[in-house]
Amino acid sequence: VTGHILIFQDVTELKTMRAAILRQEHLSAIGKLSAAIAHEIRNPLASISGSIEMLRMLLDPPEDERKLMEIVIREVDRLNTLIEDFLDYARPGQSRRISMATHEMVAETVRIFERDPTLGANIAVSLDESIGPRTEERIYADPAQMQQVLWNLLRNAAEAMRDGGTIIVRQSAHHDLRTDRNYVSLIVEDEGQGLPDEVLPNLFEPFFTTKNNGTGLGLATCHRIVVAHKGHLSASNRSEGGARFILSIPVDDTVQSRVASDS
Ligand code: ADP
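Since the structure is predicted, the reported quantities are computational estimates derived from the model, not experimental observations.

Draft legend 1. Molecular detail of the layout of surface pockets. If you add up the space inside the largest pocket, you get close to 1,200 Å³. At 9 residues, the largest contribution of residues to the lining of the largest pocket is made by helix α4 (residues 143–160). In the lining of the largest pocket, the residues fall into 15 nonpolar, 15 polar and 10 charged. Roughly 460 Å³ of internal volume is contained in the second largest pocket. Taken together, 15 residues form the lining of the second largest pocket, with L27, S28, G31, Y89 and R224 sitting closest to its centre. Breaking the lining of the second largest pocket down by element, the ones donating at least two residues are α1 (12–59) and α2 (63–90). A class-by-class count of the residues in the lining of the second largest pocket yields 8 nonpolar, 4 polar and 3 charged.

What follows is the structure, encoded as structure tokens:
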């Protein structure tokens, strides 16, 4: 024997990865189970609210009893919203991605949102096309999911402005040095109360809410959709007050390379 060769291998990363995979499998099993339970709760809820509605019509009850029935209907509605949101989060529908330009989707979503009857009369939405070049870049995304994310950001912005104000929606394109990719960003700014320090780290956590009737699933679902599109969703406070949410989705490279090879 003239010597020994000793080989040291750092297995920390491997072990961390294994633990992460196990945790992911565990979470996915819990997710599936809770989604199945939530789904099963929907049918009896529909029977409860349907029966109460029927009783209310048939019996024409006095004021006090009517109020109690209204409480049942309202609470069933609330549970339904929670379950719908939860199922949306736990079992996101199949993503149908296409190469799409964002400005039409944004303009249409803003148009529908402005006409939403539940939107307070003191809230305005301004689609700002003056800042930066109107982006013609295309992204590879599911238009319905992009609309869902934007809608959620608009709804949150409106709910944050109890005293009214203007929501500003902008679009821009930028190059990210870290990922070396081009992105299209949709920016939603509001004039609401802003994001307190204790809220910021929890924003995208499921079930985190500061609202009495919130489910805390809106931003968690948005975040999940955006990450599945290899994009980012970030939130910050504006120096002039209010919050700013930025949704960035990578530009559809296949279109870029097609253009490059055509020219
Ligand atoms: P929900 O709307 O049901 O509360 P979300 O996940 O959409 O659930 O939002 C989580 C929390 O993030 C809200 O309860 C609120 O505290 C905060 N938040 C979201 N958007 C804004 C905003 N534009 N301004 C201030 N706070 C916000």
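Now, onward.
Draft legend 2. Quick look at the pairing of strand β6 (residues 232–237). By the bridge criterion, 6 bridges tie β6 to strand β7 (residues 243–250) in an arrangement that is antiparallel. From the neighbouring strand, N237 faces β7, where its bridge partner is A243. As consecutive antiparallel partners, β6 and β7 are separated by 5 residues, and within that stretch G241 has a phi angle of approximately 100°, a positive value.

Draft legend 3. Spatial organisation of the packing of α1 against α2. Here α1 crosses α2 at 155°, and the two axes come no closer than 9 Å. Here α1 lies roughly antiparallel to α2, going by the angle between them. The element α1 and its partner α2 pack so that their crossing is left-handed. For the contact of α1 with α2, the per-class residue count stands at 16 nonpolar, 5 polar and 6 charged.

Draft legend 4. Focus on the site of the ligand. Among the 19 residues in the neighbourhood of the ligand, the closest are listed as T209, T210, K211, T215 and L219. The contact in question runs from an oxygen atom of the ligand to an N or O atom on the side chain of T209, over 2.6 Å. A distance of 2.9 Å separates an oxygen atom of the ligand from a polar atom in the backbone of G216. When the ligand is considered free in solution it has 530 Å² of accessible area, and contact with the protein chains removes 95% of it.

Draft legend 5. Representation of the packing of aromatic side chains within the structure. A full pass over the atoms with the stated rule returns 2 aromatic pairs. Ring geometry for F113 versus W151: centroids 5.1 Å apart, planes at 85°, classification edge-to-face. Placement of F113 in helix α3 (residues 102–114) and of W151 in helix α4 is noted, with a sequence separation of 38 residues between them. One Lys or Arg, R224, reaches over the ring of Y89 and ends 4.5 Å from the middle of that ring.

Calculation rules
Residues numbered from 1 in each chain as written. Predicted model: local features only at pLDDT ≥ 70, side-chain atom pairs only at ≥ 80, totals over all residues. Heavy atoms only, no water. 1 Å grid on protein atoms, 1.4 Å probe; cavity = no way out; pocket = protein on both sides within 12 Å on 5 of 7 lines; lining within 4 Å. Points joined across faces, edges and corners; volume = space filled by probe spheres on them. Helix = DSSP H or I, 4+ residues; strand = E, 2+ residues; numbered from the N terminus. Nonpolar A, V, L, I, M, F, W, Y, C, P; charged D, E, K, R; others polar. Pairing = 2+ DSSP bridges. Axes fitted to C-alpha atoms, helices over the stretch in contact; angles between N-to-C directions. Parallel < 35°, antiparallel > 145°, perpendicular 65-115°, else oblique. Left-handed = near helix turned anticlockwise from the far one by under 90°. Near = heavy atom within 4 Å. Polar contact = N/O pair within 3.5 Å; in protein donor to acceptor, adjacent residues only side chain to side chain. Areas by Shrake-Rupley, 256 points an atom, 1.4 Å probe, with all protein chains shown as cover. Phe/Tyr/Trp six-rings, centres within 6.5 Å; stacked < 30°, edge-to-face > 60°. Lys NZ or Arg CZ within 6 Å of the ring centre and 35° of its normal.

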